[in-house]
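# Chains, contacts and geometry: an overview
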Amino acid sequence: MAGHRSSAQLLVALVLSLGLWALQSAFLGPSTHSQRALRGAEDVAPALAAAGAALAGPEAAQARLPEEFVIFAPIVDVLPVLPVFFFLLAFLWQASVGFR
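Conventions adopted
- Position numbers for residues start from 1 in each chain and track the written sequence from start to end.
- pLDDT decides what is reported in this predicted model: residues at 70 or higher carry local features, side-chain atom pairs at 80 or more are listed and counted, and totals for whole chains, interfaces and linings draw on all residues regardless.
- Side-chain metrics in this entry use all non-hydrogen atoms of the structure; hydrogen atoms and water are not considered.
- By definition, any uninterrupted DSSP run of H or I lasting at least four residues is a helix, any uninterrupted run of E lasting at least two residues is a strand, and each is numbered from the N terminus.
- The classification of residues rests on relative accessible area computed with a 1.4 Å probe and restricted to protein chains. Under 20% of the type maximum is buried, over 50% is exposed, and intermediate values are partly exposed.
- The protein chains shown are the only cover counted for residues, whose accessible areas, like all others here, come from Shrake-Rupley with a 1.4 Å probe.
- Any Phe, Tyr or Trp ring, taking Trp's six-membered ring, that has another such ring centre within 6.5 Å forms a pair; planes under 30 degrees apart are called stacked, those over 60 apart edge-to-face, and the others tilted.
- For every residue, the predictor assigns a confidence score, pLDDT, that lies between 0 and 100.
- Working rule for helices: expected span equals 1.5 Å times residues minus one.

## What to know about the overall build of the chain
What the chain contains, in helices and strands, is four helices and zero strands. Helices (α) and strands (β) of the chain occur, in sequence order from the N terminus, as α-α-α-α. Within the chain, buried positions represent 0% of all 100 residues. Surface accessibility of the chain: about 9600 Å² in total, with carbon and sulfur atoms responsible for 71%.

## Quick look at the packing of aromatic side chains
For the coordinates displayed, the defined rule picks out one aromatic pair. Where Phe87 meets Phe91, the ring centres are 5.1 Å apart and the plane angle is 85°; that geometry is what we call edge-to-face. Residue Phe87 and its partner Phe91 are located together in helix α4 (residues 82–96), separated by four residues, close to a single helical turn.

## Re the confidence of the model for the chain
Residues of the chain with pLDDT of at least 70 account for 68%, and the chain-wide mean is 77. Of all helices and strands in the chain, the one with the weakest mean pLDDT is helix α2 (residues 44–61) (71), whereas α4 scores best (93).

## Digging into α4
Residues separated by three or four positions in an α-helix point in the same direction, a consequence of the helix having 3.6 residues per turn. For α4, built from 15 residues, the straight-helix expectation of 21 Å at 1.5 Å per residue is met to within 8% by its first-to-last C-alpha distance of 21 Å. Two residues or fewer past α4, Gly98 is found with a positive phi of approximately 85°.

Below is the structure:
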């Protein structure tokens, strides 16, 4: 039994390390002086992106559905809460099986 548990932990550690390695190789590193920077990668770009996100935030919260979908507005209002219910359902399920 202890051998099975340690091999499961080793498998989880291996999967996590491979996932981190894949995540690391998915992004570009910072450019050095010998490399040319990407077009449009000035120092002002991150500040402009942050300002745009701050200005667009309230507008996104007030977005309206197209007229043909207004009848589904009550359903759309409930949809963001559904993942919380699935999370609570997982705890209920584990409580029913005794947290094995």
